[in-house]
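Coordinates in review
Here are the chains, one letter per residue:
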Amino acid sequence: LIIGVLRATAVGAALGLLTALAARILAFQVFNDPALATPLMCGAIAVSGMATTFTLTAALAGAGRTTSAQFLQNAFWPALPVLSLMLGARDATTLVTAMGVAIWICGAIALAIFAADHARFAAAEEVIALSKAAGKPLLAHGVSARAPSQMCDRPLFRRIQNPF
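Residues numbered from 1 in each chain as written. Predicted model: local features only at pLDDT ≥ 70, side-chain atom pairs only at ≥ 80, totals over all residues. Heavy atoms only, no water.

Its location among the elements puts threonine 53 in helix H2 (residues 37-62). By relative accessible area, which is 0% here, threonine 53 ends up buried. A distance of 3.4 Å separates a polar atom in the side chain of threonine 53 from the backbone nitrogen of glycine 107. Residue contacts for threonine 53: discarding those within four places in its chain leaves Ile103, Trp104, Cys106 and Gly107. (Helix = DSSP H or I, 4+ residues; strand = E, 2+ residues; numbered from the N terminus. Buried < 20%, exposed > 50% of the residue type's maximum accessible area, 1.4 Å probe, protein only. Polar contact = N/O pair within 3.5 Å; in protein donor to acceptor, adjacent residues only side chain to side chain. Contact = heavy atoms within 4.5 Å.)

Residues with a pLDDT of 70 or more make up 80% of the protein, whose mean pLDDT is 80. In the model, residues 140-164 has pLDDT below 50 throughout and makes 14 contacts with residues more than four positions away in sequence or in other chains. (pLDDT = per-residue confidence, 0-100.)

Look at H2: 38 Å from first C-alpha to last across 26 residues, which is about the 38 Å you get at 1.5 Å a residue. At methionine 50, H2 shows its maximal kink, close to 30 degrees. One or two residues past the end of H2 sits glycine 64, with phi positive at roughly 95 degrees. (Expected span 1.5 Å × (residues − 1). Bend = angle between axes of the 7 residues up to and from the residue.)

Right, here's the structure in full:
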């Protein structure tokens, strides 16, 4: 999990930096509106945060914290920019910045949930590792220790090839 989140954060940071660096060019060349340069630069906060936050919320869902994951990914962060509207924000820069900050707040909350459940996750990982070492599939708390390709024995699923 940690390596995956670090990778997603690194890619998100790179894309966020690229977004910030390209904001002026995008505003002038693509959108033909120089006023969009600043909101696009502020949008880089959201771009980098989405990679980390959505990775963490997907991991929360996979760990059985689906309600928390759905709330953080689909309800809480969109509500914060709406709150900024209610508090008087009226320009794109403020709203995009509020969205970026809200996404990072959701990521911090998701990380806090993982930290609180650290012992439970560590125990589950140990059980899964032991079952893999023994070569026996284990169904613990609804999570299979088998690879997804091994989870379905129907021939239809084995014939499907990835076209990419």
